[in-house]
Amino acid sequence: GIQVEQSPPDLILQEGANSTLRCNFSDSVNNLQWFHQNPWGQLINLFYIPSGTKQNGRLSATTVATERYSLLYISSSQTTDSGVYFCAGGNTGGFKTIFGAGTRLFVKA
Amino acid sequence: KAGVTQTPRYLIKTRGQQVTLSCSPISGHRSVSWYQQTPGQGLQFLFEYFSETQRNKGNFPGRFSGRQFSNSRSEMNVSTLELGDSALYLCASSYLGLAGGTTEETQYFGPGTRLLVL
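Residues numbered from 1 in each chain as written. Chains lettered and ligands numbered in written order. Predicted model: local features only at pLDDT ≥ 70, side-chain atom pairs only at ≥ 80, totals over all residues. Heavy atoms only, no water.

**Considering the layout of surface pockets**
Right, on to step 1. The space that makes up the largest pocket amounts to roughly 910 Å³.
Right, on to step 2. Looking at the lining of the largest pocket, the elements with two or more residues in it are strand E9 (83-90), strand E10 (98-99) and strand E11 (103-108) of chain A together with strand E4 (31-38) and strand E5 (42-50) of chain B.
Right, on to step 3. In terms of residue count, E5(B) provides more of the lining of the largest pocket than any other element does, four residues in total.
Right, on to step 4. Here the residues of the lining of the largest pocket sort into 14 nonpolar, 18 polar and four charged. (1 Å grid on protein atoms, 1.4 Å probe; cavity = no way out; pocket = protein on both sides within 12 Å on 5 of 7 lines; lining within 4 Å. Points joined across faces, edges and corners; volume = space filled by probe spheres on them. Helix = DSSP H or I, 4+ residues; strand = E, 2+ residues; numbered from the N terminus. Nonpolar A, V, L, I, M, F, W, Y, C, P; charged D, E, K, R; others polar.)

Written as structure tokens, this is what we have:
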């Protein structure tokens, strides 16, 4: 089955810093999503991005499907960005979405 | 629109019991997926339902089952509970239809049900 690898596993940032999170897939996927899980466990969808680039405020994501990786950029980080970031992928025709282990981000004030 | 709702939010059971968890998707969403999250195994896919049919299943034993009703609401059941079933169970819904010319497959998650098995 598809393997999803995320890096780095942990990240500590000073408020205002920028960061890049990476997600590699062992096989091609045609649905790819990024999520943020807050300390209460709620998973929030950040991007649905099977290919290309999208931006939403201070967050942007780029997926290079041919090379089987995706990047999530966080600019001008804030303490509220803390939490765990997951990427997840699968193939159309029904969800069997595989999640990575996540990147745990802590933003210091 | 109201978000994905899950009930109950917290549950304590003892080994050997069974449990039923409920998920109400966003109105108009036809796909419902279930996931188990534990500190050791992370987020693992359980199964996915679309139009009352199970389309995909993860690698979980037969003690884990589910169903979807005609209004897209879904339930999952775990029989003969084991200590290792203690986890956060998450449900996600998706429209899975054409929107703006492309298939909308974004998944929206509920708040989860925290199950503790003693």
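Past the structure itself, the notes keep going.
**Remarks on the pattern of salt bridges**
Right, on to step 1. Under the criterion given, the structure shown has six salt bridges over all chains.
Right, on to step 2. Note that Arg58(A) and Asp81(A) form a salt bridge whose closest N and O atoms lie 2.8 Å from each other. Taken together, the residues span a long stretch of sequence, with Arg58(A) in the loop between strand E6 (52-56) and strand E7 (59-64) and Asp81(A) in the loop between strand E8 (69-74) and E9 at a distance of 23 residues.
Right, on to step 3. For Arg58(A), a relative accessible area of 27% corresponds to the partly exposed category.
Right, on to step 4. Its relative accessible area of 7% is what places Asp81(A) among the buried residues.
Right, on to step 5. Glu75(B) is the salt-bridge partner of Arg73(B), the closest N and O atoms lying 3.3 Å from each other.
Right, on to step 6. Given the relative accessible area of 25%, Arg73(B) is considered partly exposed.
Right, on to step 7. Three or more residues are tied together by salt bridges with common partners; here these are Arg63(B), Glu82(B) and Asp85(B). (Salt bridge = Lys/Arg side-chain N within 4 Å of Asp/Glu carboxyl O. Buried < 20%, exposed > 50% of the residue type's maximum accessible area, 1.4 Å probe, protein only.)

**A few points about the interface of chain B and chain A**
Right, on to step 1. In this complex, chain B contributes 23 residues to the contact, which on the side of chain A involves 19 residues.
Right, on to step 2. In total, chain B and chain A occlude about 1700 Å² of area from one another, counting both sides; carbon and sulfur atoms represent 53% of this.
Right, on to step 3. Inspection of the chain B/chain A interface yields zero salt bridges.
Right, on to step 4. On the surface where chain B and chain A come into contact, there are six residue pairs in polar contact (both at pLDDT 80 or more).
Right, on to step 5. Looking at the side of chain B that touches chain A, the elements that each hand over two or more residues are E4, E5, strand E6 (53-57) and strand E9 (87-94) of chain B.
Right, on to step 6. Broken down by element, the residue count for the side of chain B that touches chain A peaks at four residues, all from E4(B).
Right, on to step 7. Looking at side-chain class alone, the side of chain B that touches chain A contains eight nonpolar, ten polar and five charged residues. (Contact = heavy atoms within 4.5 Å. Buried area = accessible area lost by both parts, 1.4 Å probe. Polar contact = N/O pair within 3.5 Å; in protein donor to acceptor, adjacent residues only side chain to side chain.)

**A look at the sheet that holds strand E3 (residues 19-25) of chain A**
The strands making up a sheet associate through hydrogen bonds between their backbones, and the pairing can be parallel or antiparallel.
All names here are of chain A.
Right, on to step 1. Spatially, five strands are ordered E1-E3-E8-E7-E6 in an open sheet, and the strand pairing comes out antiparallel. In this open sheet, the two strands that pair with only one neighbour each are strand E1 (4-7) and E6. Taken over all neighbouring pairs, the strand axes of this sheet differ in orientation by 15° on average, direction set aside.
Right, on to step 2. Two elements, E7 and E8, share six bridges in a ladder whose sense is antiparallel. Bridge pairing links Leu 59 to Ile 74 in E8. (Pairing = 2+ DSSP bridges. Axes fitted to C-alpha atoms, helices over the stretch in contact; angles between N-to-C directions.)

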